[in-house]
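Examination of the molecular architecture
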Amino acid sequence: MTKTSGSDNVLCGRLLLIDHDAACARQTSAELTEALLVAPQITHAGTGREAADHLRKLRYDVIICELASLGDLAANVEDAMSRLVRLANGALILAVADSGSVSAALGAMRAGAHDYLAKPAGGSTLAGRLAELAQRHGRPRSLGVEVTPEPEISDFAGFVGASSAMQFLYEQIGRVAASAAPVFITGESGTGKDVCAEALHSRGPRAGNRFVAINCAAIPRDLMESELFGVVRGAFTGAHEDRKGAAELADGGTLFLDEVGELDLSLQSKLLRFLQSGCLSRVGETAARKVDVRVICATNRNPMQMIADRQFREDLFYRLHVLPIHLPPLRQRPSDIMLLTRHFLARYAQEEHKSFSDVTPDAAQRLTAADWPGNVRQLQNLVRRLVVMFDGGQITTDMIEAADIESRVSTPAPVEAPRCEKRTVLPMWQQEQRIIEEAIATFGGNISMAAAALEISPSTIYRKRQSWSELAATG
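The structure displayed is predicted, hence computed values, not measured ones.

Cut-offs and rules
- Residues numbered from 1 in each chain as written.
- Predicted model: local features only at pLDDT ≥ 70, side-chain atom pairs only at ≥ 80, totals over all residues.
- Heavy atoms only, no water.
- Helix = DSSP H or I, 4+ residues; strand = E, 2+ residues; numbered from the N terminus.
- Buried < 20%, exposed > 50% of the residue type's maximum accessible area, 1.4 Å probe, protein only.
- Disulfide = S-S within 2.5 Å.
- 1 Å grid on protein atoms, 1.4 Å probe; cavity = no way out; pocket = protein on both sides within 12 Å on 5 of 7 lines; lining within 4 Å.
- Points joined across faces, edges and corners; volume = space filled by probe spheres on them.
- Nonpolar A, V, L, I, M, F, W, Y, C, P; charged D, E, K, R; others polar.
- Pairing = 2+ DSSP bridges.
- Axes fitted to C-alpha atoms, helices over the stretch in contact; angles between N-to-C directions.
- Contact = heavy atoms within 4.5 Å.
- Phe/Tyr/Trp six-rings, centres within 6.5 Å; stacked < 30°, edge-to-face > 60°.
- Lys NZ or Arg CZ within 6 Å of the ring centre and 35° of its normal.

As a further point, take unusual backbone geometry. One non-glycine residue with positive phi stands out, namely E259, at about 55°. Structurally, E259 can be placed in the loop between β10 (254–258) and α10 (265–277). You can call E259 buried: its relative accessible area is 12%. One non-glycine residue, W372, adopts positive backbone phi at about 50°. Classification of W372 as buried rests on a relative accessible area of 0%.

What follows is the structure in structure tokens.
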């Protein structure tokens, strides 16, 4: 077994291993000790409560937690992990779960776990992941390992960007690609949702089979069912032959439903039935056909708002929303703007047989300061327009002004400082209460939907409501 690099003068941190299987815990401890050059101080806890007792008495640097062992702390994994996080005092937490427990693992991460691994995970795998976590969170010495930082990835599966937001996205794609579970991609128009879907396919076990994409917003509603599920000859006027739909064409591969929120409600029910059974029927036939596809869908709209507006079925949403991925807008990663600009400049200059050297500092500042409501697609279009309109050399601000026919690339006007006025500032818990109660009211009292929109767990809302009642009673 290859040991993780380290040095004798590095203090090894304390590690709490939570696992109800004592034999498995002993094996993990032995493998970790062998994998790390400097042996960690490992404490074993068989239950969540036993782990909590250890955490109250002593501070630990790392916690490796087998999620099934937390059942005595709370009714669900997310609440149990929340309790563990509160007691952890900043320790790095690595959750370990069965490969089929994706929802439990994601719940643990929502509650505060730093990362998760699927079982079984050997000592070298655990050591490597702990080293990555330590480097990412700036604490390599606490683990008894010395980590050489990996260079930032600036080009990944069609994406261009080296910002922390994009590094996180690349890591997410790498983890999610191997699963067969549905993926739900959200993000504004122009952020690259189709690129993300293709990256998931190309890096997964279905890469050798077909990737079939269908834009739900671009196909008329009366044709959508036949495009998705296929049609038999004579089913309707114009159906001159049997034809496979996108789902059947993707058998063994990946089906990408772009702008899935645009599907008609009646077709949404048929899609739900297909997802539940794995069977479809072509339009005009009664026989069921078994199909094996991985479904990836995307939308640029707020799915929870669509559910509230009765435009999207709630049961379909939860069937699709298993592995969520959100693509950041370009304005949230300004450090990537010049990387993208130079990438597109080189690409289109080659296509148009022109020579462009770079972008002037003033032009670069102008591009970086823009809001880019159309995101990467808008920047891409602008650069292409610049290459077509001009002969070469450096891109200047005058050239940008001439090419920016949509008048969207502009330096933000100075914001006048607000006048100081006396305002009543409510306590934090009251402001939090107002936000949560407004969300609940928006979704007609449905706490699960409100929690999803606020990106917190329903149990968090129940706990906070209880605490507000107690405050009101004592006040």
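After that view of the structure, there is still more to cover.
Right, let's get into the state of the cysteines. In total, this model carries 0 disulfides according to the counting rule given. In this structure C297 is not part of a disulfide, and its nearest cysteine sulfur, from C216, lies 8.8 Å away.

Moving on, we get to empty space enclosed by the protein. Within this structure, the stated rule accounts for 3 cavities of 30 Å³ or more. Approximately 50 Å³ is the volume attributed to the second largest cavity. Along the walls of the second largest cavity sit A177, S179, L200, H201, G204, P205, R206, T254 and R294, which together make up its complete lining. Looking at the lining of the second largest cavity residue by residue, the class counts come to 3 nonpolar, 4 polar and 2 charged.

We now examine the sheet that holds strand β13 (residues 294–299). Across the sheet, 5 strands lie side by side as β9-β10-β13-β8-β14; this open sheet has parallel pairing. In the strand order of this sheet, the two ends are held by β9 (211–215) and β14 (323–326), each with one partner. When strand polarity is set aside, the average angle formed by the axes of neighbouring strands in this sheet is 20°. Note that strand β8 (residues 183–186) and β13 share 4 bridges and pair parallel. In the strand pairing of β13, T186 is matched with T299. Seen against the sheet, helix α6 (residues 164–176) touches β8, β13 and β14 and runs at an angle of roughly 155° to β14. Together, β8, β9, β10, β13 and β14 form the strand contacts of helix α7 (residues 193–202), whose direction differs from that of β8 by roughly 155°.

Before going further, it helps to spend a moment on the pairing of β14. Residues L323 and I325 point to one face of β14 and are all buried, whereas P324 and H326, pointing to the other face, are not buried. As judged from the 4 bridges shared by β8 and β14, these two strands associate in the parallel manner. Note that in β14 the partner of V183 across the bridge is L323.

Tallied over the full model, the rule gives 7 aromatic pairs. Here F211 and F256 contribute two aromatic rings whose centre-to-centre distance is 6.1 Å and whose plane-to-plane angle is 25°, an arrangement assigned as stacked. On the criterion of sequence distance, the pair formed by F211 in strand β9 and F256 in strand β10 is long-range, its members being 45 residues apart. We classify F256 as buried; its relative accessible area is 2%. Here F344 and Y348 contribute two aromatic rings whose centre-to-centre distance is 6.3 Å and whose plane-to-plane angle is 20°, an arrangement assigned as stacked. A residue pair is termed a helical-turn pair when its members lie 3 or 4 positions apart in one helix, as F344 and Y348 do in helix α13 (residues 337–351) at 4 residues. Using a relative accessible area of 5% as the deciding quantity, one classes F344 as buried. Owing to a relative accessible area of 3%, Y348 belongs among the buried residues under this scheme. Feature note: the residues F156, F159 and Y170 constitute an aromatic cluster, connected by ring pairs. Sitting over the ring of F156, R203 keeps its end group 4.3 Å from the ring centre.

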